[in-house]
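Structure assessment
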Amino acid sequence: MRRRRRVPVLLAATLTLATALVTTGAPAATAGAAPLAPRTLDLPAGFQPEGIAIGGPPYAYFGSRATGAIYRANLLTGRGEVINPGPGTPSLGMKVDARGRLFVAGGAGGDGRVIDTRTGRLLASYRFTDQPSFVNDVVLTPGAAWFTDSTNPVLYRVPLARGGQLPPAGAVVRLPLTGDIVYGAGINANGISRTPDGAALLVVQSGTGLLFRVDPRTGVARTVDLGGELLTNGDGLLLDGRTLYVVQNRLNTVAVLRLDRTGHSARVVQRLTDPGFDVPTTVAAYGNRLYLPNARFSTTPTPDTPYTAVAIPRP
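This write-up is about the structure you can find in this document. (Residues numbered from 1 in each chain as written. Predicted model: local features only at pLDDT ≥ 70, side-chain atom pairs only at ≥ 80, totals over all residues. Heavy atoms only, no water.)

Examining unusual backbone geometry
- Positive phi values are uncommon outside glycine, yet N233 reaches one of about 65°.
- Take N233: it is sitting in the loop between β18 (220-223) and β19 (234-240).
- Its relative accessible area of 22% is what places N233 among the partly exposed residues.
- Positive phi, close to 50°, is recorded for N252, a residue that is not glycine.
- Examined against the element boundaries, N252 turns out to sit in the loop between β20 (243-248) and β21 (253-259). (Helix = DSSP H or I, 4+ residues; strand = E, 2+ residues; numbered from the N terminus. Buried < 20%, exposed > 50% of the residue type's maximum accessible area, 1.4 Å probe, protein only.)

Dropping the structure here:
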C-alpha cells in the first residue's frame, strides 16, 4: 500500500484559508477571531457617497453625489483610490456587469454612464432628458440596463446586445410608468431590481413606502402586496434569490423581504440595523456580508467631512 504523505501544519492551514476564500468569496476567520477584512471602510473626506456596486472580488465601487467621482476600494485591505474624477454631476445607484463595466445613474445630470472598472475610462454616456430629472438607480437584465427617475414617471432602457455591445446614444428607450404608481412631492421611484423569475421589475417609491412590480413591456406598475407593511424612505434594492434587501435610508434600517417567485407579493421577515449606520443608502453583497455606504444626509457636508461604508452580517 502506498503511504500517504503528511501535509505540514502550516501548509494545511494555508490550504484551508484558500479554500474558504474560494467557496465563500470572503476572507476566512478563525473561531473567536475578528474577520480578516475590515468591517468599516474609510472613504475620501468630503466624498458624499451614495451608490455601491461590488464586481470582481474583492473590489467595491462607490459613487460621489457631489462630483460623480468613482472610488474603488479593496474589501480585504480597506485601501482604495479614485479611478474616475466624475463629470461634476452625481453618481448615484450603480451596478457592475460580468465584463467589468460599471453602469452609473447620473442623478440631476439626467444621464447614465458606463465606466471601465479596470482603468476608470468612460466607455459611454447616455443623455436621458434635458428636463429637470433625478436619475436615481439602475438594474441590469440580460438585455438592458434600466434606470429610474425620481422626478419623472418614466424608466429609461439602455438596450444591450447579446454580445454585450453598448448601443449608441440614440438607442435609449423611455418607458412611461402607469398603473398604480402616482408621483408626488419628494423622492418617487428610487431603487430598482428584477423579480425572482426575471419577468418583471421591482421599484420602491421612497415617499410612499410602496413597492411596485413593473411590466417591462408596458410600464404598467402594480402595487406589491406587503401584508400592510411600508418601506418608508426605501432606497437601494438588492435581490438574492427570493430575498429582497431594501435600504430605508433615514430610518437606518435594512428591511429583509421574502418574495413570491413572480414578485406580486412579499413579506417583511426581518429588519436589520447597526450602530455604524449613518443614513445608509444602497447595499451590495460580498461573501457573508452586506456593505452599505453612509450618505450622512443629516450632516452638513464640508470638504473635510468623514465618510465610511460599513459591513454587516448577511442573514
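A look at the nonpolar core
- Ranked by internal contacts, the top residues of the largest apolar core, which has 17 residues, are I54, F62, L75 and Y291.
- Elements supplying a minimum of two residues to this core: β1 (40-43), β2 (49-54), β3 (59-64), β4 (70-74), β23 (284-286) and β25 (307-313).
- Those residues in contact with L75 that sit more than four places away from it in its chain are A37, P38, L41, I54, P58, A60, Y286 and Y291.
- Core analysis: the next-biggest nonpolar cluster, separate from the first, contains 16 residues, F128, A145, V154 and V158 among them. (Core = buried A, V, L, I, M, F, W, Y, C linked by side-chain atoms within 4.5 Å. Contact = heavy atoms within 4.5 Å.)

Some remarks on the packing of aromatic side chains
- Following the criterion strictly, the structure yields 3 aromatic pairs and no others.
- Aromatic side chains F128 and F147 sit 5.0 Å apart centroid to centroid with 50° between the ring planes, which places their arrangement in the tilted category. On the criterion of sequence distance, the pair formed by F128 in the loop between β9 (122-127) and β10 (135-141) and F147 in strand β11 (residues 144-149) is long-range, its members being 19 residues apart.
- Their ring planes at 5° and their centres at 4.6 Å tell us that F128 and Y156 sit as a pair that is stacked. (Phe/Tyr/Trp six-rings, centres within 6.5 Å; stacked < 30°, edge-to-face > 60°.)

Section: the pattern of salt bridges
- Under the counting rule described, the total for this entry stands at 13 salt bridges.
- A salt bridge links R118 to D116; its shortest N-O distance comes to 3.8 Å.
- The buried category is assigned to D116, whose relative accessible area is 11%.
- With its nearest N and O atoms 2.9 Å apart, the salt bridge here joins D240 to R314. (Salt bridge = Lys/Arg side-chain N within 4 Å of Asp/Glu carboxyl O.)

Concerning the sheet that holds β11
- Spatially, 4 strands are ordered β10-β11-β12-β13 in an open sheet, and the strand pairing comes out antiparallel. Each edge of the sheet is formed by a strand with only one pairing partner; in this case those strands are β10 and β13 (173-176). Put simply, the sheet's adjacent strands are angled 25° from each other on average, direction ignored.
- Sheet topology note: the strand β12 (residues 154-159)/β13 ladder contains 4 bridges and is antiparallel. Bridging across to β13, V154 finds its partner in P176. (Pairing = 2+ DSSP bridges. Axes fitted to C-alpha atoms, helices over the stretch in contact; angles between N-to-C directions.)

Things to note about the pairing of strand β24 (residues 289-293)
- In terms of burial, β24 is largely enclosed, as 5 of its 5 residues are buried.
- Alternating residues of β24 divide into R289, Y291 and P293 and L290 and L292, and every residue in both groups is buried.
- Pairing geometry for β23 and β24, over 3 bridges, is antiparallel. Among the inter-strand pairings, A285 is bridged to a residue of β24, identified as L290.
- Where β23 folds back on β24, the antiparallel hairpin that results is connected by 2 residues, among which G287 adopts a positive phi of roughly 60°.
- Strand direction decides the pairing type here: β24 and β25, joined by 5 bridges, are antiparallel. Across the sheet, Y291 pairs through a bridge with A311, a residue of β25.

Observations concerning the sheet that holds strand β16 (residues 201-205)
- The 5 strands are arranged β14-β18-β17-β16-β15 in an open sheet whose pairing can be described as mixed. If you trace the sheet from one side to the other, it starts and ends with β14 (178-179) and β15 (189-194), each paired once.
- Sheet topology note: the β16/strand β17 (residues 210-214) ladder contains 5 bridges and is antiparallel. The residue bridging Q205 from the neighbouring strand is L210, located in β17.

Some thoughts on the side chain of Q48
- Along the chain, Q48 turns up in the loop between β1 and β2.
- Not counting residues within four places of it along the chain, the set of residues in contact with Q48 comprises G63, S64, R65, A66, P301 and Y307.

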